[in-house]
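Topology and contacts: notes
Read off the chains here:
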Amino acid sequence: MHFVQARGILSAHNGMNIYRGCTHGCIYCDSRSSCYGFDHDFEDIEVKQNAPALLEQALRSKRRKCMIGTGAMCDPYMHCEETLGMTRKCLEIIDRYGFGVTVQTKSDRILRDLDLLRSIHKKAKCVVQMTLTTYDENLCRILEPNVCTTKERVKVLQVMKEHGIPTIVWLSPILPFLNDTRENIEGILESCVQAGVYGIICFGMGVTLREGDREYFYEALDTHFPGMKGRYHRKYGYAYEIQSGRNRELMALFQEKCTKNGIVHEVDKCFAYLREFPEKYEQLSLFTT
């Protein structure tokens, strides 16, 4: 872990990454890809130690309230968050200034900040996004070794439901020959139904692989699933988009289950919901800024 002074914290679309890198160890992580320009080991977490100050400065200068997002690139609830509390500090600022927040994570560490999430949602809007890939707990521990399992993440979704905080699930990635089964998708979807999720984002049954990410993924396949790398090479070569051969069947199952249970599953509608700031609070901010 190392510390830096960042020049800015919010992107053009009001997203922020407090940390760069990750210690969750997911074997398929796209953020490892060379295109993101990491100049340090991925597990050597870069901490933007002035992130809270930058965020407060940015929110003060905004004329209208909006949703602030975190977790799209690197998880805000990695192991280092337990001691550093950088994510919590940023949530406190978002709460203080009356903005909304959407947090994407795989970790049940987010429950530590339930008080702030509830406060933000009461004043504006909070959405918790949780990634679910693998219903089988043993397989989950291989694919996502250093973070809580699917069962524990579903408990997070259930807690959010109990407190009236809406949730969106990312059903991704689905790895050919590993978790692209009907049993896996049915298990995850049933958990989403029971947890009352608002929406599920799924771009298709598959995974994307590019330089940096691909090499790490194939090394993990060699370690845990001997012969599996060869199957990938024979079917997909060095393609970027790796689509499951069961994509049509599993996407039909996904769409049917979501439609039947009133779960929003159109990608554009899910993203629109994440960006949407409650109108009554937006109108109020025009008179208070």
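Please refer to the structure placed before this passage.
The structure reproduced in this document is the subject of the present report. (Residues numbered from 1 in each chain as written. Predicted model: local features only at pLDDT ≥ 70, side-chain atom pairs only at ≥ 80, totals over all residues. Heavy atoms only, no water.)

One finds Tyr19, Ile94, Leu171, Ile200, Met205 and Phe254 to be the most contacted residues of the largest nonpolar core, which totals 60 residues. Filtering out sequence-adjacent residues up to four positions away, Ile200 remains in contact with Val169, Leu171, Leu189, Cys192, Phe254, Cys258, Ile263, Val264, His265 and Cys270. Counting residues in each nonpolar core, the second largest holds 18 residues, with Leu139, Leu209, Leu221 and Ile242 among its members. (Core = buried A, V, L, I, M, F, W, Y, C linked by side-chain atoms within 4.5 Å. Buried < 20%, exposed > 50% of the residue type's maximum accessible area, 1.4 Å probe, protein only. Contact = heavy atoms within 4.5 Å.)

This part covers the environment of Phe99. Take Phe99: it is sitting in the loop between helix 3 (86-97) and strand 6 (100-105). Take Phe99: its relative accessible area is 2%, and that puts it in the buried class. Here the alpha-carbon distance between Phe99 and Ile120, two residues 21 residues apart in the chain, equals 7.4 Å. Aside from chain neighbours lying at most four places away, what touches Phe99 is Leu59, Lys62, Arg64, Lys65, Cys66, Ile68, Ile94, Ile120, Ala124 and Phe277. (Helix = DSSP H or I, 4+ residues; strand = E, 2+ residues; numbered from the N terminus.)

This part covers the sheet that holds strand 1 (residues 2-4). Two orientations exist for strands paired in a sheet by backbone hydrogen bonds: parallel and antiparallel. A sheet is described by the order of its strands in space; here 3 strands give the open sequence 1-4-3, paired in mixed fashion. Since the sheet does not close on itself, it has two edges, and those belong to strand 1 and strand 3 (19-20), each with one partner. (Pairing = 2+ DSSP bridges.)

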